[in-house]
Amino acid sequence: MKEMKTRSAALWTTGCMAAGSIFSGCTSAKSAEQDMADRPNILFILSDDHTSKAWGIYDGILEEYVKNENIRRLAQEGCVLDNCFCTNSISVPSRAAILTGAYSHRNGVYTLSDALDPEADHIAKRLQAGGYQTALFGKWHLKKQPAGFDEFLVFHDQGEYHNPIMKSAANWIDDDKGRQGDTIPGFSTDIVTSQTIEWIRNRDKDRPFMMMCHFKATHEPWDFPERLKDLYEEVEFPYPDNLLEFGPESSGRKFTGQPLEILGGRWETSSENRDRSGGFFYPELPFSTKGLNQEEKRKKIYQKLIKDYLRCGAAIDENIGRLLDFLDQEKLAENTIVIYVSDQGYFLGDHGFFDKRMMYEESLRMPFVIRYPREIPAGSRNQDIILNIDFAALLADYAGVETPEQSQGRSFRSNLMGQSPADWREAMYYRYWTQHTNRPAHIGIRTGRYKLMFLYGDPLHTKGSEDKTTLPAFEFYDLQADPYENKNLYNDPAYAAIIRQMKTDLLRIKEETGDTDPDTPRMHEILQAHF
């Protein structure tokens, strides 16, 4: 501990001398110490694919079934964001956007196959330079060695649910260079929480901290600890109204997506081979749909998915409870900002789908709750359009440091206090870059009521894309009349004027964000032909 404090003091002094423009509190040793004591701690809890309908605080058909005592506690003691969205609904790009505060086209992380450059400026580096202690435990998934953290221990690649391999600075190897690290016994969500608690307990208590606690859950294969195996044992979950949408004919959507039957096939293959087929080891096998008709097959797949998924999510809630109880015991709750957020949403049988990526609400929405007793009204909700590129600016605002150099987001600190700026955004821009024939690359704009998507359907040389194009197409939804996006209204004459305006707005907001496709003339050809 003495060594940690000495190193911390040295970092703080160096930061004051060399980074005055980054951190403004360095006037004298005494005032600096007081300034640091007044700054809030930050506990940033991030999960993977934990969609809003599985939180139990966003309504929906699963609300009564979700085990969410501690998520609900955070909501009751803080603020829930009702319109928080990701700008590219896939894990690696979303995590890069959270850290850098920048869209994919600016931070250079477009697809799952990309990596965050260790030299890139991001919020952890800014806080570290400003005197904060920083740490990261759990899922990193950005492939190259984390930078800006005093200490880290992260999963290799996606990580395993049981006995995960974890890497630190001492044994680091990039994810694409091989599988290396220490095997940590136990269940991953429990392990990450224990590591988080231990680090906070042993921190330098004279300086604030920023801890990033990243769970693998609720990513496929949705495993859970043994203690939760009987949860929901006899439950039959309610079905989404559009579960039995077996194709785009009735809805008018322009892509096939990932139907649940693909997932059922993975389970059946794993049941037959009893190995890590497809890179995943699924719980609760064997599984079979042999002899069932189309409707029965989909319903059986859905029931298993929800049972596994909610058990996996229940472990998150339990561990959030451990973290909140620890903050109470250490008398840290009052001056610690606690954020719980998922990196994107997920389809749980909606439209007959699983997975994410597409700009539909289930995938686009990032459930988000934040507690800061000193400032944020308890039990409040906010309706403003907040984006993952805003997170870095918010944390920088609270910490009194500048935002990362590429940041395009905006702090929503005043929004959380019920004082939203008059010029706050009324629309958001989205781009999913990876091209697959069943999930085409697309751009889109969403306002409070309407959504316009343009599926441009071209790989444009992005990593991980299929070398196949799809026909460009539009989808338009009135979210007030059709919140579940069951009917593509692009060709409805009643909306013709609104659609014309939104097409203009989409091109404008695309350019305003700096997404100008300077190196892909093919994109300009596609846009010119369809706008």
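Draft legend 1. Geometry of the sheet that holds strand 17 (residues 450-455). The strand order 15-16-17-18 describes an open sheet built from four strands, whose pairing is antiparallel. Because the sheet does not close on itself, it has two edges, and the strands there are strand 15 (427-432) and strand 18 (473-478). Direction aside, neighbouring strands of the sheet carry axes that sit 10° apart on average. Of the pairings in the sheet, the one linking strand 16 (residues 442-447) to strand 17 comprises five bridges and is antiparallel in character. Residue pairing across strands places Ile445 opposite Leu452, the latter belonging to strand 17.

Draft legend 2. Expanded view of the nonpolar core. Membership of the largest hydrophobic core comes to 90 residues, with the highest contact counts inside it found for Phe44, Ile370 and Phe391. The greatest single-element share of this core, amounting to seven residues, is contributed by helix 11 (residues 391-399). Here Ile370 is in contact with Gly78, Cys79, Ile337, Val338, Ile339, Ile376, Leu394, Tyr398 and Leu416, once residues within four sequence places are set aside. Ranked by size, the runner-up nonpolar core spans 62 residues in total, among them Leu62, Leu74, Phe237 and Ile316.

Draft legend 3. Representation of the side chain of Asp121 within the structure. Inspection of the secondary structure assignment puts Asp121 in the loop between helix 5 (104-107) and helix 6 (123-129). Given the relative accessible area of 11%, Asp121 is considered buried. Polar side-chain contacts of Asp121 include one of 2.8 Å to the side chain of Arg126. Setting aside residues no more than four positions away along its own chain, Asp121 makes contact with Thr100, Arg126, Pro404 and Glu405.

Draft legend 4. Highlighting the pairing of strand 1 (residues 41-47). Burial within strand 1 is extensive, with seven of its seven residues counted as buried. Of the two faces of strand 1, the one carrying Asn41, Leu43, Ile45 and Ser47 and the one carrying Ile42, Phe44 and Leu46 are both buried. Here strand 1 pairs with strand 8 (residues 209-214) via five bridges, running parallel. Residue pairing across strands places Leu46 opposite His214, the latter belonging to strand 8.

Draft legend 5. Quick look at the pairing of strand 18. Burial analysis of strand 18 places six of its six residues in the buried class, the great majority of the element. With burial as the criterion, each face of strand 18 is covered, one bearing Ala473, Glu475 and Tyr477 and the other bearing Phe474, Phe476 and Asp478. The pairing of strand 17 with strand 18 spans six bridges and is antiparallel. Note on strand 18: the bridge partner recorded for Leu455 is Ala473.

Draft legend 6. Fine view of the packing of aromatic side chains. Considering all chains together, one arrives at 31 aromatic pairs under this definition. Measuring from ring centre to ring centre gives 4.8 Å for Phe474 and Tyr490, while their planes differ by 10°; the resulting arrangement is stacked. A residue pair is termed long-range when its members are at least 10 positions apart, and Phe474 in strand 18 and Tyr490 in the loop between strand 18 and helix 13 (496-512) qualify at 16 residues. Since its relative accessible area comes to 22%, Tyr490 is described here as partly exposed.

Draft legend 7. Region of interest: the packing of helix 8 (residues 260-273) against helix 9 (residues 294-329). In the contact formed by helix 8 and helix 9, the axes pass within 9 Å of each other and the chain directions differ by 70°. Of the possible angle classes, the one that applies to helix 8 and helix 9 is roughly perpendicular. Contacts between helix 8 and helix 9 involve Leu260, Glu261, Leu263, Gly264 and Trp267 on the former and, on the latter, Lys297, Arg298, Ile301, Tyr302, Lys304 and Leu305. Along the lines of polarity and charge, the residues of the contact of helix 8 with helix 9 split into six nonpolar, one polar and four charged.

Draft legend 8. Inspection of helix 7 (residues 188-201) at higher detail. Counted at 1.5 Å a residue, the expected span for helix 7 with its 14 residues is 20 Å, and the 20 Å between its end C-alpha atoms agrees. Of all the 14 residues making up helix 7, 11 are buried; the element is thus mostly covered by neighbouring parts of the structure. Of all the residues in helix 7, the buried ones are Ser188, Thr189, Asp190, Ile191, Val192, Thr193, Gln195, Thr196, Ile197, Trp199 and Ile200. Contacts made by the buried residues of helix 7 are with strand 1, strand 4 (133-138), strand 5 (151-155), strand 6 (165-167), strand 8 and helix 9.

Draft legend 9. Main features of helix 9. Over its 36 residues, helix 9 extends 53 Å from the first C-alpha to the last, a length consistent with the 52 Å expected when each residue adds 1.5 Å. Its side-chain oxygen 3.2 Å from the backbone nitrogen of Glu295, Asn293 forms the N-cap of helix 9. Following helix 9 by one or two positions, Lys331 adopts a phi angle in the positive range, close to 60°.

Draft legend 10. How the structure looks around the packing of helix 7 against helix 9. Where helix 7 meets helix 9, the closest approach of the two axes is 9 Å, and the angle between their N-to-C directions is 10°. As summarised for this structure, helix 7 and helix 9 are arranged roughly parallel, according to the angle between their axes. Contacts from Thr189, Asp190, Thr193, Ser194, Thr196, Ile197, Ile200 and Arg201 in helix 7 reach Ala315, Ile316, Asn319, Arg322, Leu323 and Phe326 in helix 9. Tallied by class, the residues present in the contact of helix 7 with helix 9 amount to six nonpolar, five polar and three charged.

Reading guide: rules and limits
Residue indices follow the written sequence of each chain, beginning from 1 at its first position. Reporting of local features is limited, given that this is a predicted model, to residues whose pLDDT is at least 70; pairs of side-chain atoms are given and counted only at 80 or more, and all residues count toward the totals for whole chains, interfaces and linings. With hydrogens and water set aside, each side-chain value is computed from the structure's full complement of heavy atoms. Pairing between two strands requires that DSSP report at least two bridges joining them. In DSSP terms, a helix is any run of H or I states spanning at least four residues, a strand is any run of E spanning at least two, and both are numbered starting from the N terminus. Simply put, an axis is a line fit to the C-alpha atoms, just over the touching stretch for a helix, and the angle between two N-to-C directions goes from 0 to 180 degrees. Take the buried Ala, Val, Leu, Ile, Met, Phe, Trp, Tyr and Cys residues and link them wherever side-chain atoms come within 4.5 Å; each set so joined is a nonpolar core. For each residue, the accessible area found with a 1.4 Å probe, counting protein chains only, is set against the maximum for its type, and the residue is called buried under 20%, exposed over 50%, and partly exposed in between. Residues count as neighbours in contact if any of their non-hydrogen atoms are within 4.5 Å of one another. Pairs of N or O atoms are called polar contacts if they sit within 3.5 Å, as long as, within protein, a hydrogen donor faces a hydrogen acceptor (for residues adjacent in sequence, only side-chain-to-side-chain pairs). Here is the rule: rings of Phe, Tyr and Trp (six-membered ring for Trp) pair when centre to centre is within 6.5 Å. Planes less than 30 degrees apart are stacked, more than 60 are edge-to-face, and the remainder are tilted. Here is the rule for angles: anything less than 35 degrees is roughly parallel, anything more than 145 is roughly antiparallel, 65 through 115 is roughly perpendicular, and the remaining ranges are oblique. Any residue outside Ala, Val, Leu, Ile, Met, Phe, Trp, Tyr, Cys, Pro, Asp, Glu, Lys and Arg is labelled polar, Gly included; the first ten of those are nonpolar and the last four are charged. Multiplying 1.5 Å by the helix residue count minus one yields the expected span of that helix.

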